[in-house]
Amino acid sequence: MKVSFLFLLFLIAFNQCVFAIDDIQVAGLFRDKAVVLIDGSRHVLSIGEQSPQGVRLIEADSKRAILEFDGKRGVYPLGNRVHTGFAAPRILQVNVYRSPNGTYVTTGSIDGLPVDFLVDTGATAIAMNSNEARRLGIAYRIVGDKINVNTASGTSSAYSVNLGKVRVGDIEMTNVEAYVLDGEQPGKVLLGMSYLRHLNISNEGQIMRLEKKH
């Protein structure tokens, strides 16, 4: 009986060790599958599948995964990192991965609506074309100030506006300056320095790391 009791204590201690997770990150997303880094250990999970550490994949698509651990669920955009299980992260950090054409593209939102961002440290502010602005419900001709901006193809007319909320992963900024350019360029919304200047940016080859300044 004494041996069984000691063995039970060993199992409890072992399980506590296994399920003590400090860091979870979604490194890849596919339909009904996700590549999850758990304390640096890589796992490919299908819907309903659970890692040895006890992290279960609930849903997955090309933009985010829903993970469950210790009875709690969290939504993870691609590259988003959360420390200490599903508690609020101590460090707000997002990894943006280099695309095949060499650019850094990530998903985010403007005033709650989804946006594909092209990270551009050479852009003074967030920039978008007029079609994208209309999709996002930005009345740029009414609330914006008409200006001229320099682009790769020369000088273009634009409208300067302030965006209520811009979010990438868990990093959200409010009252962010943006330019709306007449026409179809830029093809993707440029995530420029009006947002990026609030972050520490490091480049590790295939990964650009964005971390909110304290």
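Calculation notes
- Residues numbered from 1 in each chain as written.
- Predicted model: local features only at pLDDT ≥ 70, side-chain atom pairs only at ≥ 80, totals over all residues.
- Heavy atoms only, no water.
- Pairing = 2+ DSSP bridges.
- Helix = DSSP H or I, 4+ residues; strand = E, 2+ residues; numbered from the N terminus.
- Axes fitted to C-alpha atoms, helices over the stretch in contact; angles between N-to-C directions.

Draft legend 1. How the structure looks around the pairing of strand β17 (residues 207-212). Relative to β17, strand β8 (residues 93-97) runs antiparallel, the two sharing five bridges. What sits directly across from glutamine 93, in β17, is glutamate 211. Of the strand pairs in this sheet, strand β16 (residues 199-203) and β17 are connected by five bridges, and their pairing is antiparallel. Across the sheet, the residue bridging to isoleucine 201 is leucine 210, located in β17. Two successive antiparallel strands, β16 and β17, enclose a turn made up of three residues, where glycine 205 displays a positive phi of approximately 80°.

Draft legend 2. Structural context of the sheet that holds strand β4 (residues 56-60). Pairing within the open sheet is antiparallel, and its three strands lie in the order β4-β5-β6. Looking at which strands have only one partner, the edges of the open sheet turn out to be β4 and β6 (72-77). Here the average twist between neighbouring strands, direction ignored, is 25°. Of the strand pairs in this sheet, strand β5 (residues 64-69) and β6 are connected by six bridges, and their pairing is antiparallel. Each bridged residue has a counterpart across the sheet, and for isoleucine 66 the counterpart in β6 is valine 75.

Draft legend 3. View of the sheet that holds β17. Taken in spatial order, the three strands line up as β8-β17-β16 in an open sheet, and their pairing is antiparallel. At either margin of the open sheet sits one strand with a lone partner, and together these are β8 and β16. Adjacent strand axes in the sheet meet at a mean angle of 20° when their direction is disregarded.

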